[in-house]
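Each chain, written out:
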Amino acid sequence: MPPSLRHAAMSLLALSLALASGSVGAQQPLPPVRQAVMTFLGQQTSGLPGKVGITVEGVDPHNQLPACAELVPFLPPGTRAWGRINVGVRCESPVGWTIYVPAQISVVGDYLVAARPIRAGQVIAPADLERRSGDLADEAPNTLTDMTQVVGHSARFTIAAGNALRTDMLRLPQAVRQGQNVKVVGTGSGFTVTNDGRALNAAAAGEPVRVRLLSGQVISGKARADGTVELDF
């Protein structure tokens, strides 16, 4: 082998060994990762009610990740941009790697609580309710925030004064009937998929529904007021 080729081969081998040991190549700096996650979560939470606060924890400052030129944040399947979560960050160039960055999303806004005890079967009036401000991410996902969602509906069971109102506490009109043909809609980061199936149980808006797809597969989602079933990816 000519000396020039031998030198190039030895240099390439040394570089490969050094990269494997993490001693060559810039270590992934933390600010770009944090900024990528902040921007991504800002987009994911843009439609949430209330005042949104986002806190992103740092990546290990002693990480041995090669510096990335193209960071792509994503939410793991089944994860909602709400409360305490882990956000995936994938490097697509020049070297592929994936890490998960802890983040906290707070959504400070008003929600409804019982102003006084509400009896089972009682039709709820505005005087039975009061607003309270707090982090909605600390409450149940189906906590109610709008008077029109509650007033005129009857309570399924006794609700103590001060308890936050949730959809499962109320007798709501069925958005989906058992045996009804429904459209299933799934949304994820940058994509939407639809399918058709048959509802296996009745549900009001916001309540869980099991659906048997045309393929025979049974999936679970949430009923929408328009009678479709929503999946989260």
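Residues numbered from 1 in each chain as written. Predicted model: local features only at pLDDT ≥ 70, side-chain atom pairs only at ≥ 80, totals over all residues. Heavy atoms only, no water.

*Asks:* So what about helix 2 (residues 30–44)? Which residues, and what values?
*Replies:* An α-helical turn contains 3.6 residues, so any two residues separated by three or four positions project in the same direction. Here helix 2 spans 21 Å end to end across 15 residues, near enough to the 21 Å set by a 1.5 Å rise per residue. Within helix 2 the residues assigned to the buried category are Val33, Ala36, Val37, Phe40 and Leu41. In a view along the axis of helix 2, the buried residues occupy a sector of 125 degrees, so they form one face of it. Away from the buried face of helix 2 by more than 90 degrees, exposed residues Pro31 and Gln43 are located. (Helix = DSSP H or I, 4+ residues; strand = E, 2+ residues; numbered from the N terminus. Expected span 1.5 Å × (residues − 1). Buried < 20%, exposed > 50% of the residue type's maximum accessible area, 1.4 Å probe, protein only. Arc of directions from axis to C-beta.)

*Asks:* Lay out the nonpolar core with the relevant residues and their values.
*Replies:* Val37, Leu41, Ile85, Val87, Ile99 and Val101 are the most contacted members of the largest nonpolar core, which totals 26 residues. Counting only elements with at least two residues in this core, the list comes to helix 2, strand 3 (83–91) and strand 4 (97–114). Among the elements that make up this core, the one with the highest residue count is strand 4 (eight residues). Not counting chain neighbours up to four residues away, the residues in contact with Val101 comprise Val33, Val37, Val56, Glu57, Val59, Ile85, Asn86, Val87 and Val89. (Core = buried A, V, L, I, M, F, W, Y, C linked by side-chain atoms within 4.5 Å. Contact = heavy atoms within 4.5 Å.)

*Asks:* How would you explain the pairing of strand 3 if you had to name every residue and give the values?
*Replies:* Alignment of strand 2 (residues 71–74) against strand 3, held across four bridges, turns out to be antiparallel. Bridge pairing in strand 3 places Leu71 opposite Cys91. Pairing geometry for strand 3 and strand 4, over nine bridges, is antiparallel. By the bridge assignment for strand 4, Gly83 is matched with Ile105. In this structure, the hairpin formed by strand 3 and strand 4 is closed by a connection of five residues. (Pairing = 2+ DSSP bridges.)

*Asks:* Can you tell me about the state of the cysteines, naming the residues and giving the values?
*Replies:* Per the stated rule, a full pass over the model turns up one disulfide. With its sulfur 2.2 Å from that of its partner, Cys68 forms a disulfide with Cys91. Where Cys68 bonds to Cys91 through sulfur, the torsion about that S-S bond is close to 100 degrees, and the disulfide is right-handed. With a gap of 23 residues between them, Cys68 in the loop between strand 1 (51–56) and strand 2 and Cys91 in strand 3 connect regions that are remote in the sequence. Of the two residues, Cys68 and Cys91, neither departs from the other in class, the shared state being buried. (Disulfide = S-S within 2.5 Å.)

*Asks:* An account of the environment of Ile99 is requested, with residue identities and associated values reported.
*Replies:* Tracing the backbone shows Ile99 in strand 4. Along the chain, Ile99 and Asn86 lie 13 residues apart, while their C-alpha atoms are 9.5 Å from each other. When near neighbours in sequence (up to four residues on either side) are disregarded, Ile99 contacts Val33, Val59, Leu65, Val87, Gly88 and Val89.

*Asks:* I'd like a rundown of the environment of Gln104, residues and numbers included.
*Replies:* Checked against the element boundaries, Gln104 lands in strand 4. With a relative accessible area of 27%, Gln104 lands in the partly exposed category. For the pair Gln104 and Val56, spaced 48 residues apart in the sequence, the C-alpha separation amounts to 6.6 Å. For Gln104, the contacting residues outside a window of four places in its chain are Gly53, Ile54, Thr55, Gly83 and Arg84.

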